[in-house]
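# A closer look at the structure
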Amino acid sequence: MQPKVDKDRLLDVGYDPGIASCGRFLVLDHSILEASHGIKGLEVLPLADAMDNYPHVRDNLVFRLIEKDKNEFTKTASNLPPVGYYIKVEPGVKIDMPFQAGFLLESAGATQVIHNIIELGENSEAHIINGCTTSQETHKGRHIGITETYLGRDAALGYTMIHNWARDVDVYPIGAILVGENARYISNYAAMTSVKKTVSYPVARVMAGGSARFYSIIYSRRDSYFDTGAKVMLEGDASSGEIISRVVSDGGAAISRQMISGSSPGSLGHMECSGLLLGNKGVIHSIPELKGGHQDIDLSHEASVGRISKEDLSYLMTRGLTDDEARSLIIRGFLDIKIKGIPYTIQQIIDEVVDRSVSGSM
Amino acid sequence: MALLEIKGLRASSGGREILKGIDFTLEEGRTAVIFGPNGSGKSTFLGSIVGLPKYDITKGNILFKGKDITGMSTYERTQLGIGLAFQYPPSIKGVRLRTLLDTMNPDKEAIDHTSEILDMSPYLDRDVNVGFSGGERKKSEILQLMVQMPDLLLLDEPESGVDIENISLIADALKIILEKDKPIKKRRRSAIIITHTGFILDYIRADKAYVMMDGRILGCGSPSEIFEEIRARGYKECQKCLEEAKKENHAA
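Residues numbered from 1 in each chain as written. Chains lettered and ligands numbered in written order. Predicted model: local features only at pLDDT ≥ 70, side-chain atom pairs only at ≥ 80, totals over all residues. Heavy atoms only, no water.

## Quick look at the overall build of chain A
What counts here: The secondary structure listing takes helices from DSSP runs of H or I that are at least 4 residues long and strands from runs of E that are at least 2 residues long, numbered from the N terminus. All radius of gyration figures rest on C-alpha atoms, and the globule criterion is 2.2 Å times the number of residues raised to 0.38. For the exposure calls, accessible area comes from a 1.4 Å probe over protein chains only, and a residue counts as buried if that area is under 20% of its type's maximum, exposed if over 50%, partly exposed in between. Only heavy atoms enter the contact rule, under which two residues are in contact if any of them lie within 4.5 Å. Neither His nor the chain ends contribute to the count of charged residues, in which Lys and Arg are positive and Asp and Glu negative. Think of each charge as sitting on NZ of Lys, CZ of Arg, CG of Asp or CD of Glu.
Of the regular secondary structure elements, chain A holds seven helices and 20 strands. For chain A, whose C-alpha radius of gyration is 20 Å, the value lies close to the compact-globule estimate of 21 Å for 362 residues. Counting all 362 residues of chain A, 57% fall into the buried class. Look at the contacts in chain A between residues 6 or more apart in sequence, and 83% of them connect residues 24 or more apart. Across chain A, the centroid of the 36 positively charged side chains sits 4 Å from that of the 45 negatively charged ones.

In structure tokens form, the structure reads like this:
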């Protein structure tokens, strides 16, 4: 019998069967409940099955971008049978409809270990949305999520991750992306709810003409700790990278690490970290790093940490808004990153997650 | 009953007294204009009426629709029907003009219609005032007032930095809000307009003019006569009046 899953919590992270999708993958603790796909040229398998069936996956893709002994979490994952998806998009196949994946942690105190592999063939396109959450009654646990992503030449991937964990859960997403020549990778990350600790620092290696863009929205509540960011290594000529983060601290801590390095001519990199402190209890620590090794590259960063402007609040209140409404509007605006290149449905999901969290906080 | 009645108002900002005892009355359906040189306290006066937190009212009372609003928050005052068009409105990154207007008034048709009147439709999906020219900011302020429809409009230099074509658009919008097409007795909304240049008076008829200097209102009269006087002789003449008033006060 299929176990009962907390559908409401999954809906909150965008795992919505009501939205047209090209396929779905659902994991409850370590049980794969669904692995489906409905488009020619898209293949979705549990990773364990893919490793059994395809030597290429086992030999060339698993623990190739991330080393097994990188840290205690990768070591843990490498010693367990893999649970996660293998998504393959054939060359030339372009899929507008998002692929939905849900990772639900239900057993209190358990450690969920996930390993996903994404492989996009040349000139293919896909959009994946991962929603990660606990069941309503589960407040304690750990999630380790390893994702290795391979983009062939001219491929494009939109990868969206929405976290909705609980106050006593610690989370370690470990990501690595190989962006092929002229390929485009866009990552969106939104974490708006309480969490004990989240540590995430995906690394993208970008080949000639390719681009990697990371957008993240973090809302750190009381007793939450985020140490998140991204690293982009511009390895090919005329490659580009962008890292944009918006961080709100409502009593919690947030470290934002960003790095772009490049030594190939014609490369471009830009990063922005904006932090907004809503009170005196939280802390935002922005750590931008740029490393350039060629005269013909252009790397830049902007960073700020501040509070809501009193002048802006007064202004909105003269328009008939209450103090809470004005704050909510400003915070919502602050978190509104305009992302290019993702389907409207995914933008809507991100907007709803942010709207719900901001209006629920006031 | 007067719509607005101000008695002995003193206000300061950052510990410095700016308004030094103002008495002022405005009837329903009337438009008053206030002239005064830079730094005379005109913006502080409007900010004190709407309750901007940066101004501390140290003495006096403000009565609006018969209620004492002196201790009320900005929000409470706006709910009673007071609206302000800022001289220098802030830019609010991330907040789209349409989102702000929707929050103020969920009537989408009204928003679209008023935006067309002010030729502001292309700006609805831009962040409030971000990258707006001086004229666009002023039009955005008037658009927000049109959506808000307050009973008392406080207009702080609505024409400064605006080209002639757009002053005309702004004036047309203000005439709609102030129901200038109706006979004076049937108009419900009132306005206080601060102007440095007086250009707006070529488009909107004011009923009464006041001159403010050094935190005091020196006198009132016909808008055109006072404006002509200032244009001909400048505020220096008014300064003499102020000094005479001071002497009289000391003597008293």
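## Topic: the interface of chain A and chain B
Note the threshold: A 1.4 Å probe defines the accessible area here, and the buried area is the portion of it lost by two parts on being joined, summed over both. For this analysis, a salt bridge means a side-chain nitrogen from Lys or Arg found within 4 Å of a carboxyl oxygen belonging to Asp or Glu. Each polar contact in these results corresponds to two N or O atoms within 3.5 Å; when the atoms are within protein, one needs to be able to donate a hydrogen and the other to accept it, and residues that are neighboring in sequence are counted only if both atoms are side-chain atoms. Polar here means any residue outside two lists: the nonpolar Ala, Val, Leu, Ile, Met, Phe, Trp, Tyr, Cys and Pro, and the charged Asp, Glu, Lys and Arg; Gly therefore counts as polar.
Facing the 17 residues of chain A at the interface are 30 residues of chain B. Counting the surface lost from both chain A and chain B, the interface buries some 1800 Å², and carbon and sulfur atoms represent 64% of this. Counting the surface chain A buries against chain B, the share from its top three residues, Tyr315(A), Thr318(A) and Arg319(A), is 38%. Our count for the chain A to chain B interface comes out at two salt bridges. Here chain A is connected to chain B by eight residue pairs in polar contact (both at pLDDT 80 or more). Elements supplying a minimum of two residues to the side of chain A that touches chain B: helix H5 (310–317) and helix H6 (323–334) of chain A. Per-element tally for the side of chain A that touches chain B: the top contributor is H5(A), with six residues. Of the residues that constitute the side of chain A that touches chain B, the class distribution is seven nonpolar, five polar and five charged.

## Re the pairing of strand S11 (residues 208–213) of chain B
Along any regular strand, the residues point their side chains to alternate faces of the sheet. Residues and elements named next belong to chain B. Note the following rule: A pair of strands is labelled paired if DSSP reports no fewer than 2 bridges between them.
With respect to burial, S11 is a largely interior element, five of its six residues being buried. Here S11 pairs with strand S12 (residues 216–221) via five bridges, running antiparallel. Across the sheet, residue Met213 finds its bridge partner in S12, namely Arg216. Counted between consecutive antiparallel strands, the loop separating S11 from S12 contains two residues, among which Asp214 sits at a positive phi close to 50 degrees.

## Comments concerning the domain arrangement of chain A
Residues and elements named next belong to chain A. Our working rule: Residue ranges assigned to each domain were obtained from an automatic or database domain assignment.
Per the domain assignment, the segments of chain A are domain 1 (7–308) and domain 2 (309–362). Between domain 1 and domain 2, the C-alpha centre-to-centre distance is 24 Å. In this complex, domain 1 contributes 29 residues to the contact, which on the side of domain 2 involves 25 residues. Here domain 1 meets domain 2 over a buried area of about 2400 Å², counting both sides, of which 75% is carbon and sulfur.

## So, the side chain of Ser135(A)
Within the secondary structure layout, Ser135(A) lies in the loop between strand S7 (125–134) and strand S8 (140–151). Residues in contact with Ser135(A), not counting those within four places in the same chain, are Asp6(A), Arg9(A), Leu104(A), Leu105(A) and Glu106(A).

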